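Structural features, examined
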Amino acid sequence: STGTRADVGTNGNDNSNIGQTVTGSWANCTTDSMKQQQQKQRRLASTKSRSVPVQVPDHKDQLQSTTVSCHDVQYRIHSSSFHGDEEIIIGVLSGAGGSGPSRRMSVRDTWADPNADYTFSDHNFDNRDGKDTDGKERNGKNKIKDGRIKVFFLVAGPWEQIRDEYDKYGDLIWINEEEIYQGEDSVLTYKTQSFIRIVYNVVLELELRQLKYIFKTDDDSYVHVNNLYTELIENENEYSPITLEVEANGADGGNDADGGSPKEVLQQKKERDFWGWCQLKKFAPKRDASVKWPVSYELYPEPMYPRYCQGAGFALSRRFIECAAGLGSSSSSYSSSSSSSQQHNGRYDNALDGDISPIANLRFMPFEDVSMGMIAERCNVTPIMVERRRWINLYRTQSTEEKNRVKEGLPKIDKSKLTRPVMMNRIVQHRIYDEWDMMEHHKIVVDPARYNKENKVEWYSPRP
């Protein structure tokens, strides 16, 4: 398809199937729209004296490709790193340069370390009624060590910059794209959605029958892998519909909701196809270029975003993966019962080379969390908020100062204001300050009794 149809807008996007929807979830990309996006990225790269993706040297791991928003993404992965027992695959977004390498080592040395020995039984992870468990001893065995969880880092940038690390550790998924994080030119969507399509391809190629979820997070997050496994896998069959009470919207209007006193009741279903810290209602895009996370009318003309989950940590079920990276809502794993699905199902007139997956055809959206919300809406998947707000903690200190700094895009709070790490009843702690802070969180997870006894750090205690 060439994007020459009459219903292709001036920005090269296909608007033929968006109908009267208030979100952009049903707008398709075209090859023309991606050419415009790539030209824009090249102009930005040239102003920063950086090169666009170039011819990649040969390697024993063949250069492969997948499609994201009509754009061909080249990648490399160690397929030999999979062994077939994985039930959860974690993808960690990380930068090729800057603080990226040190953050990856910090993660490898802490929560992603397969040799970490936990000295406790994981019985302090609470049930949905808010009480402690019945005292039965959970399996405290490291779920990475026993092969149930596999961790990969998602990086872009020049191949030669990460080749040695790629060969040494075997835990990188590399895509041949520029490491750009500025607004509408961000590479984050390519990283996240390439990860989903790559895992989907590996599942088919290697017949990974045990895989149930992928989990996306960032390299400044501490993930309690055993609690994650407990909640997604061990408690999977214990769920029944529950009533969830959380604040309906965040302090900044959505892009980094922080929660608060209960305000809205939502009936949750058992299925966790898209699970994390998720918005409970739709929000309008920010158009003011002076604020954080703005988006132009040209790129996103619709009045509302779909509901989505925060990028600090969210899980996608195998069912959702099959829809997003495979045959879309026509997949046998999904029904098309909703009116929106009936209205839009099969409208992939500009599908590139017959690839009808939602990820391949969705109009480009640089905000990876919003983009995943758009994919979810296409797949008739409802974002599910974690049953307890504390499970995914978006801020390191929960202070008003920190939240305001994040909202305004300012530097971190001073290190002297860090509060004592808390990982009891947590799955993800986002915005870990640095490598030292990551290790402190790991110590309290591995052996909380010892940490409480031997800790000499004078943590900040805010005044009551």
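See above for the structure.
Reading the values: the criteria
- Residues numbered from 1 in each chain as written.
- Predicted model: local features only at pLDDT ≥ 70, side-chain atom pairs only at ≥ 80, totals over all residues.
- Heavy atoms only, no water.
- Helix = DSSP H or I, 4+ residues; strand = E, 2+ residues; numbered from the N terminus.
- Contact = heavy atoms within 4.5 Å.
- Areas by Shrake-Rupley, 256 points an atom, 1.4 Å probe, with all protein chains shown as cover.
- Pairing = 2+ DSSP bridges.
- Axes fitted to C-alpha atoms, helices over the stretch in contact; angles between N-to-C directions.
- 1 Å grid on protein atoms, 1.4 Å probe; cavity = no way out; pocket = protein on both sides within 12 Å on 5 of 7 lines; lining within 4 Å.
- Points joined across faces, edges and corners; volume = space filled by probe spheres on them.
- Nonpolar A, V, L, I, M, F, W, Y, C, P; charged D, E, K, R; others polar.
- Disulfide = S-S within 2.5 Å.
- Buried < 20%, exposed > 50% of the residue type's maximum accessible area, 1.4 Å probe, protein only.
- Core = buried A, V, L, I, M, F, W, Y, C linked by side-chain atoms within 4.5 Å.
- Salt bridge = Lys/Arg side-chain N within 4 Å of Asp/Glu carboxyl O.
- Phe/Tyr/Trp six-rings, centres within 6.5 Å; stacked < 30°, edge-to-face > 60°.
- Lys NZ or Arg CZ within 6 Å of the ring centre and 35° of its normal.
- Arc of directions from axis to C-beta.

Our next topic: the overall build of the chain. Helix and strand content of the chain: 12 helices and 14 strands. For the chain, restricting intrachain contacts to residue pairs at least 6 apart in sequence, the fraction spanning at least 24 positions comes to 73%. Put simply, the chain shows about 19700 Å² of open surface, and 47% of that area lies on carbon and sulfur atoms.

The subject of this paragraph is the sheet that holds strand β1 (residues 64-68). In any sheet, the strands associate via hydrogen bonds between backbone groups, in a parallel or an antiparallel arrangement. A sheet is described by the order of its strands in space; here nine strands give the open sequence β1-β2-β5-β4-β3-β6-β11-β10-β12, paired in mixed fashion. Bordering the open sheet on either side are β1 and β12 (383-385), each of which pairs with just one other strand. Each strand of the sheet is rotated relative to its neighbour by a mean of 30°, with strand direction disregarded. Of the strands in this sheet, β3 (88-93), β4 (149-155), β6 (213-218), β10 (274-278) and β11 (309-317) touch helix α5 (residues 225-234), which is tilted by about 130° from β3.

The space that makes up the largest pocket amounts to roughly 1300 Å³. Considering the residues around the largest pocket, the lining is formed by 45 residues, among which Asp218, Lys292, Trp293, His430 and Arg431 are closest to the centre. For the lining of the largest pocket, the secondary structure elements donating two or more residues are α2 (100-108), α4 (188-206), β6, β11, α9 (368-378) and α10 (400-408). Residue composition of the lining of the largest pocket, grouped by class: 16 nonpolar, 14 polar and 15 charged.

Attention now goes to the state of the cysteines. A full pass over the atoms with the stated rule returns three disulfides. With its sulfur 2.1 Å from that of its partner, cysteine 29 forms a disulfide with cysteine 70. The S-S bond linking cysteine 29 to cysteine 70 shows a torsion near 85°; that makes this disulfide right-handed. Of this pair, cysteine 29 sits in the segment before α1 (31-47) while cysteine 70 sits in the loop between β1 and β2 (71-77), and the two are 41 residues apart along the sequence. Per residue, the accessibility class of cysteine 29 equals that of cysteine 70, and both read buried. Between cysteine 278 and cysteine 309 runs a disulfide, and the two sulfur atoms are separated by 2.0 Å. Because the torsion about its S-S bond is 80°, the bridge between cysteine 278 and cysteine 309 counts as right-handed. Taken together, the residues span a long stretch of sequence, with cysteine 278 in strand β10 and cysteine 309 in strand β11 at a distance of 31 residues. No difference in accessibility class separates cysteine 278 from cysteine 309, as the two residues are buried. Take the cysteines of the chain that form disulfides and number them in order along the sequence; they join up as 1-2, 3-4, 5-6.

We now examine the nonpolar core. Soluble globular proteins tend to pack their nonpolar side chains together in the buried interior. Of all hydrophobic cores here, the largest spans 54 residues; its most connected members are Ile88, Ile90, Trp111, Leu228 and Trp275. The element contributing the most residues to this core is α5, with five residues. The contacts of leucine 228, once residues within four sequence positions are left out, are Ile88, Ile90, Phe215, Val223, Trp275 and Ile427.

Attention now moves to the pattern of salt bridges. What the rule picks out here adds up to 26 salt bridges. For glutamate 179, the salt bridge goes to lysine 191, with nearest N and O atoms at 3.1 Å. Pair noted here: glutamate 179 is in the loop between β5 (172-175) and α4 and lysine 191 is in helix α4, with a separation of 12 residues, a long-range link. The exposure class assigned to glutamate 179 is buried, which follows from its relative accessible area of 13%. Shared partners join several salt bridges into a network, and the residues in it are Arg104, Arg108, Glu165 and Asp171.

Further remarks concern the pairing of β2. Judged by how many residues are buried, β2 sits mostly within the fold: five of seven residues are covered. The sheet contact formed by β1 and β2 spans five bridges and is antiparallel. Bridge assignment links threonine 66 to a residue of β2, and that residue is valine 73. Linkage of β1 to β2, two consecutive antiparallel strands, is achieved through a turn of two residues, within which serine 69 is found at a positive phi near 50°. Strand direction decides the pairing type here: β2 and β5, joined by three bridges, are antiparallel. Bridging from a neighbouring strand, tyrosine 75 pairs with isoleucine 175 of β5.

This paragraph deals with the packing of aromatic side chains. Tallied over the full model, the rule gives nine aromatic pairs. Taken together, the ring pairs connect Trp159, Tyr166 and Trp174 into an aromatic cluster. The side chain of lysine 150 reaches across the aromatic face of phenylalanine 152, ending 5.4 Å from its centre. Directly above the ring of tyrosine 297 sits arginine 287, whose terminal nitrogen or CZ lies 4.0 Å from the centroid.

Attention shifts here to helix α3 (residues 159-169). Three or more residues of α3 are buried, namely Trp159, Ile162, Glu165 and Tyr166. Taken down its axis, α3 places every buried residue within 135° of arc, on the same side. In α3, the exposed residues that point more than 90 degrees away from the buried face are Glu160, Asp164 and Lys168. If you follow the buried residues of α3, they end up packed against β2, α2 and β5. In the segment just after α3, glycine 170 is the residue with positive phi, at about 65°.

With that out of the way, let us pick up the environment of lysine 443. Position of lysine 443 relative to the elements: it lies in helix α11 (residues 435-446). Between the C-alpha atoms of lysine 443 and tryptophan 111, which are 332 residues apart in sequence, the distance is 9.8 Å.

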